[in-house]
Amino acid sequence: MAERNAKIPAENTDSAKGFAFALAAYLLWGFLPFFMKAVAHIPAPEVVAHRIVWSVPLAGLVLLWLGRTHEVKLALKSPSMLRMAALTAVLVTINWGIYVWAIGAGRAIETALGYYINPLFSIFLGAVLLKERPNAAQMVAIALAAVAVAVLAFDAGGLPWVSIGLCISWGFYAFFRKTLPIGPNQGFFLEVLLLSIPAVGYIIWLEATGQGHFGDTGVADVLWLLSCGIVTAVPLMIYANGAKLLRLSTIGIMQYIAPTMIFVIAVFVFHEPFGTAKLIAFALIWAALFVYSGAMLAESRARRATQPAPAE
């Protein structure tokens, strides 16, 4: 997403700077399972609370440095914007909570699947909520993803709720986030600012009851929890500044970097079980993404071919 007041490049061009920013963000997200594995001994709700609390000063400093605090001040005076920001904040908290728990519980493969399915779920949301008509390739991709979920459900005797939970929470977050008339950096700050109120209260309660890990369990845990703000805020803000310098089709392809890295880490580093059913499901998902991405790139090329050449 682009800053509302930022200068946006021509739609048919990519910036090397934008590519570098986006690549850095996706690589950071791809390596995030290592961090979450390191804090797996800390309950997921506590980790999420610290992700929220320590993101506030980082995001605030970035906005001060960029001189972008005006939109936040206006948003804090708008009840309708605060309600929408509260909704998106709840959705992103659910997404973070599922992700943190799943990595610690040895279910990183399911998180990768969830983020693979996400763009296809966004198309489905557009069709249901906005009455957008998917093209033939998109319908085939959605059908393949649905079959993949069915295969996993049949094999496990129940739905892969981690994948579905991540997909649905992030899909609705992205859907409602688009209706929030504020830039990505400002929106992120507003969300964590609102969330920091219950998060601080929760952390204080944990420490007061002897259940917290911010002090009583050693310096290492303090450093891990302080780092939660860095691993949360930095990739999001790097991405926000890179996305506005890239075509949507480029971002659409690059978004598969992180789940691919998570998948590789889960199988070859964390040694999570990867049986026949998961192999079939991922083959179906990869086929769906191939169909979806190929159609998206073809549409992008066709659109650029019909655009007039820029004047010298």
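Note that the coordinates shown come from a computational prediction; the quantities given were computed from them, not determined experimentally.

Focus on the overall build of the protein
Now for step 1: Assigned secondary structure in the protein consists of 12 helices and zero strands.
Now for step 2: When its helices and strands are written in sequence order, the protein yields α-α-α-α-α-α-α-α-α-α-α-α.
Now for step 3: Its C-alpha atoms put the protein at 65 × 50 × 35 Å along the principal axes.
Now for step 4: Relative to its 312 residues, the protein shows a buried fraction of 45%.
Now for step 5: Mean positive and mean negative side-chain charge positions of the protein (20 and 15 charges, respectively) differ by 9 Å.

Considerations on the nonpolar core
Within soluble globular proteins, side chains that are nonpolar tend to cluster in buried spots.
Now for step 1: Counting residues in each nonpolar core, the largest one holds 69 residues, and the members touching the most others are Met-36, Leu-120 and Ile-285.
Now for step 2: With 10 residues, the single largest contributor to this core is helix H5 (residues 108-129).
Now for step 3: Residues in contact with Met-36, not counting those within four places in the same chain, are Val-47, Arg-51, Tyr-99, Val-100 and Ile-103.
Now for step 4: By size, the runner-up hydrophobic cluster in this structure holds nine residues, among which are Ala-22, Tyr-239, Ile-251 and Met-254.

A short note on unusual backbone geometry
Now for step 1: Unusually for a residue other than glycine, His-271 sits at a positive phi of about 55 degrees.
Now for step 2: Among the structural elements, His-271 can be located in the loop between helix H11 (257-268) and helix H12 (276-306).
Now for step 3: With relative accessibility at 60%, the residue His-271 sits in the exposed group.

Section: the packing of aromatic side chains
Now for step 1: Applying the stated criterion to the full structure yields 22 aromatic pairs.
Now for step 2: Ring geometry for Trp-170 versus Tyr-173: centroids 4.9 Å apart, planes at 40 degrees, classification tilted. With Trp-170 and Tyr-173 both in helix H7 (residues 161-177), this residue pair falls three residues apart, about one helical turn.
Now for step 3: Judged by relative accessible area, which is 25%, Trp-170 ranks as partly exposed.
Now for step 4: A residue is classified by how much of its surface remains accessible, and Tyr-173, at 10% relative accessible area, is buried.

Some details on a nonpolar patch on the surface
Now for step 1: On the surface, a nonpolar cluster with roughly 550 Å² of combined accessible area is contributed by Leu-27, Phe-31, Phe-34, Val-264, Phe-268 and Val-269.
Now for step 2: At the level of secondary structure, the elements contributing two or more residues to the nonpolar patch comprise helix H1 (16-38) and H11.
Now for step 3: For the nonpolar patch, the element with the highest residue contribution is H1, accounting for three residues.
Now for step 4: As for its placement among the helices and strands, Val-269 is situated in the loop between H11 and H12.

Some words on the environment of Tyr-99
Now for step 1: Mapped onto the elements of the fold, Tyr-99 is located in helix H4 (residues 79-104).
Now for step 2: In the structure, Tyr-99 is positioned 11 residues away from Glu-110 in sequence and 9.5 Å away in space, judged by C-alpha atoms.
Now for step 3: If near-sequence neighbours (up to four positions away) are discounted, Tyr-99 is found in contact with Trp-29, Leu-32, Pro-33, Met-36, Thr-111, Tyr-115, Leu-166 and Ile-262.

A short note on the side chain of Asp-221
Now for step 1: Here Asp-221 lies in helix H9 (residues 219-243).
Now for step 2: In this structure, Asp-221 is buried with no salt-bridge partner, the nearest side chain bearing the opposite charge being Arg-51 at 15 Å.
Now for step 3: Discounting residues that sit within four places of it in the chain, Asp-221 has contacts with His-41, Ile-42 and His-213.

Points about H9
Now for step 1: When the terminal C-alpha atoms of H9 are compared, their 37 Å separation across 25 residues agrees well with the 36 Å that a helix rising 1.5 Å per residue should span.
Now for step 2: Of all the bends found along H9, the most pronounced is centred on Ser-227 and spans about 25 degrees.

Considerations on the layout of surface pockets
Now for step 1: Its boundaries defined by the atoms lining it, the second largest pocket holds a volume of some 250 Å³.
Now for step 2: Forming the boundary of the second largest pocket are Ile-117, Leu-120, Phe-121, Phe-124, Ile-142, Ala-145, Ala-146, Val-149, Ile-164, Cys-167 and Ile-168.
Now for step 3: The set of elements that each furnish at least two residues to the lining of the second largest pocket consists of H5, helix H6 (136-156) and H7.
Now for step 4: Class assignment of the residues belonging to the lining of the second largest pocket gives a composition of 11 nonpolar, no polar and no charged.

Quick look at the UniProt feature "domain: EamA" (unreviewed entry) in the protein
Now for step 1: Mapped onto this numbering, the UniProt entry gives "domain: EamA" (unreviewed entry) at residues 17-152 and 164-292.
Now for step 2: Structurally, residues 17-152 comprises 86% helix and 0% strand, and the distance from its first C-alpha atom to its last is 40 Å.

A word on the packing of helix H2 (residues 44-66) against helix H8 (residues 184-208)
Now for step 1: Across the interface, H2 lies against H8 with an axial gap of 7 Å and an inter-helix angle of 140 degrees. On the basis of their axis angle, the class for H2 and H8 is oblique. Where H2 crosses over H8, the two elements pack in a sense that is left-handed.
Now for step 2: Looking at the contact of H2 with H8 residue by residue, the classes come out as 18 nonpolar, six polar and two charged.

Basis of the calculations
Residues numbered from 1 in each chain as written. Predicted model: local features only at pLDDT ≥ 70, side-chain atom pairs only at ≥ 80, totals over all residues. Heavy atoms only, no water. Helix = DSSP H or I, 4+ residues; strand = E, 2+ residues; numbered from the N terminus. Buried < 20%, exposed > 50% of the residue type's maximum accessible area, 1.4 Å probe, protein only. Lys, Arg positive; Asp, Glu negative; His and termini not counted. Charge placed at Lys NZ, Arg CZ, Asp CG, Glu CD. Core = buried A, V, L, I, M, F, W, Y, C linked by side-chain atoms within 4.5 Å. Contact = heavy atoms within 4.5 Å. Phe/Tyr/Trp six-rings, centres within 6.5 Å; stacked < 30°, edge-to-face > 60°. Patch = residues over 30% accessible without salt bridge, like charges linked within 9 Å, V, L, I, M, F, W, Y side chains within 5 Å. Areas by Shrake-Rupley, 256 points an atom, 1.4 Å probe, with all protein chains shown as cover. Salt bridge = Lys/Arg side-chain N within 4 Å of Asp/Glu carboxyl O. Expected span 1.5 Å × (residues − 1). Bend = angle between axes of the 7 residues up to and from the residue. 1 Å grid on protein atoms, 1.4 Å probe; cavity = no way out; pocket = protein on both sides within 12 Å on 5 of 7 lines; lining within 4 Å. Points joined across faces, edges and corners; volume = space filled by probe spheres on them. Nonpolar A, V, L, I, M, F, W, Y, C, P; charged D, E, K, R; others polar. UniProt positions renumbered as here; feature names shortened; annotations may be inferred. Axes fitted to C-alpha atoms, helices over the stretch in contact; angles between N-to-C directions. Parallel < 35°, antiparallel > 145°, perpendicular 65-115°, else oblique. Left-handed = near helix turned anticlockwise from the far one by under 90°.

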